[in-house]
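Summary of the model geometry
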Amino acid sequence: MSTVALETHSITKTYKSDLGVIQAVDDVSFQVRAGEFVALVGPSGSGKTTMLSILAALLSPTAGQIWLDGQDLSKLNEAQRVRLRRDKIGFTFQANNLVPYLSALENVELMLRLNNRMDKAGHLRAQELLARLGLGERMRNLPSQMSGGQQQRVAIARALIHNPSLVLADEPTASLDTERAFQVVKTFASLIHENQRAGIMVTHDLRMVEFVDRVLQMRDGKLVKTYTTRNEILDLARGNHHKAHPLDHGV
Amino acid sequence: MQRFLLPFYLALKEMWRNKGRFLLVSLVIALITLLVLFVAALGEGLGNGNREYLAKLNADLLVYQAKSDLLISASRIPRSQLGNLRRVAGVADVGSIATSNVTLILPLGAASLKVSMIGVEPGRPGEPRVVAGRQLTTLEAKDALVDRNVMLRTHIQLGDTLTMRVTQGTSDQFYTLRVVGITDSQQYSLVPSIFVPYFTWDRVRPKSEAEVTSPSQVFNIAALKLANPADADTVRQHIEAEVLNTQVVTIPKAIEAVPGYTAQQNTIQTQGVFTLLIGVLVIGGFFQIQVLQKVAQIGVLKAIGTSNPIVAAASVVQIILTTVLGVGIGGLGALLLSLSFPPTVPIVFNGQSSAVAVAALLLIGPIGGLVSIRYAVRIEPLRALGL
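Just so we're clear, the structure is a prediction, and the values are computed from it rather than from any experiment. (Residues numbered from 1 in each chain as written. Chains lettered and ligands numbered in written order. Predicted model: local features only at pLDDT ≥ 70, side-chain atom pairs only at ≥ 80, totals over all residues. Heavy atoms only, no water.)

1. Topic: the overall build of chain A
Applicable threshold: Secondary structure counts use DSSP, requiring at least four H or I residues in a row for a helix and at least two E residues in a row for a strand, with both numbered from the N terminus. Here the globule rule reads 2.2 Å times residues to the power 0.38, and the radius of gyration is calculated from C-alpha atoms. Using a 1.4 Å probe on the protein chains alone, a residue whose accessible area is under 20% of its type maximum counts as buried, one over 50% counts as exposed, and one in between counts as partly exposed. Contact between two residues is taken to exist if any of their heavy atoms lie within 4.5 Å; hydrogens are not considered. What sets the accessible areas is the Shrake-Rupley method with a 1.4 Å probe; for residues, cover comes only from the shown protein chains. Under the convention used here, Asp and Glu are negative, Lys and Arg are positive, and both His and the chain ends fall outside the count. Charged groups are reduced to one reference atom each: NZ for lysine, CZ for arginine, CG for aspartic acid, CD for glutamic acid.
Of regular secondary structure, chain A possesses 7 helices and 10 strands. By the compact-globule yardstick of 18 Å for 251 residues, chain A fits well, its C-alpha radius of gyration being 18 Å. For chain A, the C-alpha atoms occupy an extent of roughly 50 × 45 × 45 Å along the three principal directions. Here chain A holds 251 residues, and 56% of them are scored as buried. Restricting the contact set of chain A to residue pairs at least 6 apart, pairs at least 24 apart contribute 70%. Approximately 10500 Å² of chain A is accessible, and the part contributed by carbon and sulfur atoms is 46%. Of note, chain A has its 30 positive side-chain charges centred 3 Å away from the centre of its 26 negative side-chain charges.

Here you go:
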């Protein structure tokens, strides 16, 4: 049995606005093990992106604790958060993922440079990872010279190159066509499993959960359901899950 | 170490892959540099044209007629006072200086040239050092020293004869002088100078009807060399007390009193400062727009663990490199362009004023970019998530 990489306990995030107090995340607790790929799904406004921001140490929770590799994130100052993001977290975003003036290879190597780990071995590993993702011929290309799917794959390589404990993906398939979206998520899942990293993917596209090990469903800031068996997950991915709330099928 | 070099890596990569954009800003900075350097050089050139002769005087103090408002042309001191000045304790040497404007008649139909004719006493304060030929040797000889600007404008050579036209009383008189020496640039009141012995000056200078028949001799100011320059203030007080109707000032004070000099220098300095301010706004505007275009990108960099010091340092590196490149191109352009100017254009690239201008130009980049750096540092990493 693999170890718990990430654990959240009663995470709550509230915002004050003119309309009163908004509960963006409400008492959410879960664990993710090393080598486990989890999808965080829910309709727009369900709190999944806020949850992802908290897990990425970009936002502090109003209440609750998060432990990553046994380290309590809620007790870190800003400089420690930056260091944590650099050392222990890999990130892919929905858009503007890559640094536009760095080539595919340079974008991947950037994480090694940030971690003072850029050397010949790192350079070779970055090349191997890109080749593994089918980008062997595109390493010297700038992001503007690559398709959306290729850019996402470079972002995946960047998220994994420094062996982080946790890999986070925010709507990685949002700008891709269906075929490319499946390819990207499938590759992502296999690398997560292979490298024994904890992976969390936020998506509104339920078809993409086909490749994950567990699905956490959020609504109105709450964790309302967890899908753990293969059949439940496949049913959800194929739109066959009768008990799902109509709003949970995304936008 | 890698993290220390990361700002340079990011800054250089971005500049290299966006060469056109950064080069364009460098060219704008180059144009501003060109303008600032030319304004500085023009200020130096015009200032030189006004003060050069006084600034290069081999003297410690200048004596004016009292209440002449330190205007050389308005000051008139009887020649009989020279002896009194020499007798004041602490005065090592005294030379009279007398000025008037004359017209040089040039051969071969060339336009005539207005020059300052300055009467000096050979071997005494007031006579400039020659860079070619010899010094003046006698009080009455028809010898003349010419400023190199006269040479450049007229092609007169050492040993040539000068012809001057002056009005004495109501008639024009023509005098000839022989060029025996060339001095370095010695302009006074923005015109080149020729130097003649005092008595020659007194004979050939323009005169009113009354002066033609008057035996009295006057000069405008006296240049004093002191036994000990540190005693300047004491000697000044002694002269003003002992020599009737005189006012004594230092050379910097005399330069400030040259008509229009201070106003001219202030105007040019104001132009320079405003050009620098425009530079600050242009550079600030460019880098601010650039940061605004990169908000999401900077958000991503921060989200993946790039610290604020790295983001700020990368911006600083870009700003400094862009500015240095622009100032370099502009400086080189100014140098090349200045070589094409005729000597009549008062452009002088003085090391000190150019260095001050270049230092100011190098500072405007970082100053202009401060706002954009502050903005970049304040971008939240959450922007990477579109929040």
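Having seen it, we continue.
2. Focus: the pairing of strand 4 (residues 63–68) of chain A
Residue and element names in this part refer to chain A. Defined as follows: The criterion for strand pairing is that DSSP finds at least two bridges linking the strands in question.
Direction of pairing for strand 1 (residues 4–17) relative to strand 4: antiparallel, over a ladder of 5 bridges. Note on strand 4: the bridge partner recorded for Thr8 is Ile66. Pairing of strand 4 with strand 5 (residues 71–72), which is carried by 2 bridges, proceeds in the antiparallel orientation. Within the sheet, the bridge partner assigned to Trp67 lies in strand 5 and is Asp72. Between strand 4 and the antiparallel strand that follows it, strand 5, lie 2 residues; Asp69 among them carries a positive phi value of about 55 degrees.

3. Focus on the interface of chain A and chain B
Note the following rule: Buried area counts how much accessible surface, traced with a 1.4 Å probe, disappears from two parts once they are put together, with both parts' losses summed. Take a side-chain nitrogen of Lys or Arg and a carboxyl oxygen of Asp or Glu: if they are within 4 Å of each other, that pair is a salt bridge. Under the scheme applied here, ten amino acids are nonpolar (Ala, Val, Leu, Ile, Met, Phe, Trp, Tyr, Cys and Pro), four are charged (Asp, Glu, Lys and Arg), and all others, including Gly, are polar.
Residue-level contacts link 30 residues of chain A with 26 residues of chain B. With both chains or domains summed, chain A and chain B bury close to 2600 Å², and 62% of this area falls on carbon and sulfur atoms. Of all residues in chain A, Tyr101, Arg113 and Leu114 of chain A give up the largest surface area on contact with chain B, accounting jointly for 26% of the area buried on that side. Viewed at the interface, chain B and chain A are joined by 2 salt bridges. In this structure, Glu106 of chain A engages Arg17 of chain B in a salt bridge whose closest nitrogen and oxygen atoms are separated by 2.8 Å. For the side of chain A that touches chain B, the secondary structure elements donating two or more residues are helix 1 (48–55), helix 2 (78–88) and helix 3 (104–114) of chain A. For the side of chain A that touches chain B, the element with the most residues is helix 3 of chain A, which contributes 6 residues. The class makeup of the residues in the side of chain A that touches chain B is 16 nonpolar, 7 polar and 7 charged.

4. Brief notes about the sheet that holds strand 1 of chain A
Residue and element names in this part refer to chain A. We apply this condition: Every axis corresponds to a line fitted to the C-alpha atoms, with the helix fit spanning only the stretch in contact, and the corresponding angles, defined between N-to-C directions, vary from 0 to 180 degrees.
What the 4 strands build is an open sheet, ordered 2-1-4-5; its pairing is antiparallel. Each edge of the open sheet carries a strand with a single partner, namely strand 2 (20–33) and strand 5. Its contacts with the sheet put helix 1 on strand 1, strand 2 and strand 4, and the angle it makes with strand 1 is roughly 120 degrees.

5. Looking at unusual backbone geometry
A positive phi angle, close to 50 degrees, is found at Ser10 of chain A, a residue other than glycine. Counting through the fold element by element, Ser10 of chain A comes out in strand 1. The backbone of Lys67 of chain B shows a phi angle near 60 degrees, a positive value even though the residue is not glycine.

6. A few points about the domain arrangement of chain B
Residues and elements named next belong to chain B. Note the following rule: Throughout, the edges of the domains are those of an automatic or database domain assignment.
Taken domain by domain, chain B consists of domain 1 (2–51 + 262–384) and domain 2 (67–244). Using C-alpha coordinates to define each centre, domain 1 is positioned 47 Å away from domain 2. The partner domain 2 presents 6 residues to the 8 residues of domain 1 that form the contact. A buried area of about 540 Å², summed over both sides, lies between domain 1 and domain 2, and 58% of it is on carbon and sulfur atoms. Per-residue buried area on domain 1 facing domain 2 is highest for Gly49, Asn50 and Pro343; these three make up 67% of the total on that side.

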